[in-house]
Amino acid sequence: MHFLPDTEQRAFAASLDAMLTAADTPSVVRDWSRGDHARGRALWSRIAKAGVFSLVVPEEYGGVGVRPVELAVAFVELGRHAVPGPLMETVAAAALFTEPSPAAKRLLPPLASGEAMTTLAYEGAYALDADVATTRLSLAPDGLRLAPGHGPVRPSLDPARRLAPLAPGGELLTAAPPVERALTHARLATAAQVLGVGIALLDKTVAYVKQRTQFGVPIASFQAVKHRLADAKIALEFARPLLFGAALTMAPADVAAAKVTACEAAYATARTALQLHGAIGYTAEYDLSLWLTKARALRTAWGGPRECRALVVSAGDRRW
């Protein structure tokens, strides 16, 4: 079995790549980090018009139906370009509405069209971009609620990931939301996005080592450098079929395995990128930092390595 995108999926990825390249996402990310969301909102609308958010919304609510493989293809590109915003949260929010309901009819069409920006968090936990989101969903002990507001915004390791606690209370949308389904979708989107981050880090590092010289020659000619880059490439390529295989099955353990593999590959690639860039890699002004911090932050988003590995092991035990 070959877990490779087909012609239409490759064309979809290429169109997203072209759009995001033209958008100059590093500048958008820096504005977003400062709390200036104008360009980020405009980019969000263009991503929605390209059909990305429609991939998690049923047709009766303005989407194209749930298509995890295409979603993974799209999120790899979003990661390659370090697009800011509550991307995984939007995917998870859409996955919470599996049955027709007044809440689904009200919330899903604007989510699919990009008119609304949705964030999601457990009650008492920090929500991503709660200050810019138009819809704030809270997973409370008694069900899914529409949070009435949020607390103070706090910075995080990734400057583009701004966190704030959601206000308690609010309208109860459903008493029994499918939390595991939403978590699985969020992990798939995270795995795809972090794989894209790792690919971008590797591409940028390969280009840089061809330019950086020591002893009068490019450091790309050094055997040790080649080995580090080859290790990063192998790790990322190993994560890719796991990602698309998980998108086909959408089994929670498969998605958890894909997430932990992609996150560890991207994190290792980030360490390699930082070492091979040298001192310039440590500067926040250099664009590489936008991907370095994201690789670290996404590693623990929607379940860290230990939690995902435990899920994979427990699923294996049940099969035996």
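In what follows, the structure referred to is the one given above.
Below you will find a few notes about this structure. (Residues numbered from 1 in each chain as written. Predicted model: local features only at pLDDT ≥ 70, side-chain atom pairs only at ≥ 80, totals over all residues. Heavy atoms only, no water.)

1. Regarding empty space enclosed by the protein
Applied cut-off: A pocket here means an open set of points on a 1 Å grid, computed over the protein atoms alone, that has protein on both sides within 12 Å along at least five of seven lines. A cavity is instead a set of points where a 1.4 Å probe fits but cannot get out; residues with an atom within 4 Å of a point line either one. Grid points are joined across faces, edges and corners, and a volume is the space filled by probe spheres set on the points. Counting from the N terminus, the helices are the DSSP runs of H or I reaching at least four residues and the strands are the DSSP runs of E reaching at least two. Note on residue classes: Ala, Val, Leu, Ile, Met, Phe, Trp, Tyr, Cys and Pro are nonpolar, Asp, Glu, Lys and Arg are charged, and everything else, Gly too, is polar.
Tallying each qualifying case throughout the model produces one cavity of 30 Å³ or more. If you trace the largest cavity, you find 14 residues lining it, with Gly85, Leu128, Arg161, Gln193 and Lys294 closest to the centre. Elements that contribute at least two residues to the lining of the largest cavity include exactly α5 (87–95) and α10 (288–298). Ranked by residues supplied to the lining of the largest cavity, first place goes to α5 with three residues. Looking at the lining of the largest cavity residue by residue, the classes come out as eight nonpolar, two polar and four charged.

2. Remarks on the sheet that holds strand β4 (residues 143–146)
Here is the rule: DSSP bridges decide pairing: two strands pair if at least two such bridges lie between them. All axes are obtained by fitting lines to C-alpha atoms, using only the stretch in contact for helices, and the reported angles, taken between N-to-C directions, cover 0 to 180 degrees. In what follows, a contact means two residues having at least one pair of non-hydrogen atoms within 4.5 Å.
Strand order in the open sheet formed by four strands is β1-β3-β4-β6, and the pairing between neighbours is mixed. Edge positions in the sheet fall to β1 (118–122) and β6 (171–174), since each has one partner strand and no second. Shown here is a sheet whose adjacent strand axes are inclined to one another by a mean of 30°, direction ignored. In this structure, β1 lies alongside strand β3 (residues 135–140), joined through five bridges in parallel fashion. When the sheet's bridge partners are listed, Leu120 is paired in β3 with Leu137. In the packing of α5 onto the sheet, the strands contacted are β1 and β3, and the crossing angle to β1 comes to about 80°.

3. Quick notes on the environment of Leu146
With respect to the secondary-structure elements, Leu146 resides in strand β4. Separated by 65 residues in sequence, Leu146 and His81 place their C-alpha atoms 31 Å apart. Residue contacts for Leu146: discarding those within four places in its chain leaves Arg106, Thr135, Arg136, Leu137, Gly169, Gly170, Glu171 and Leu173.

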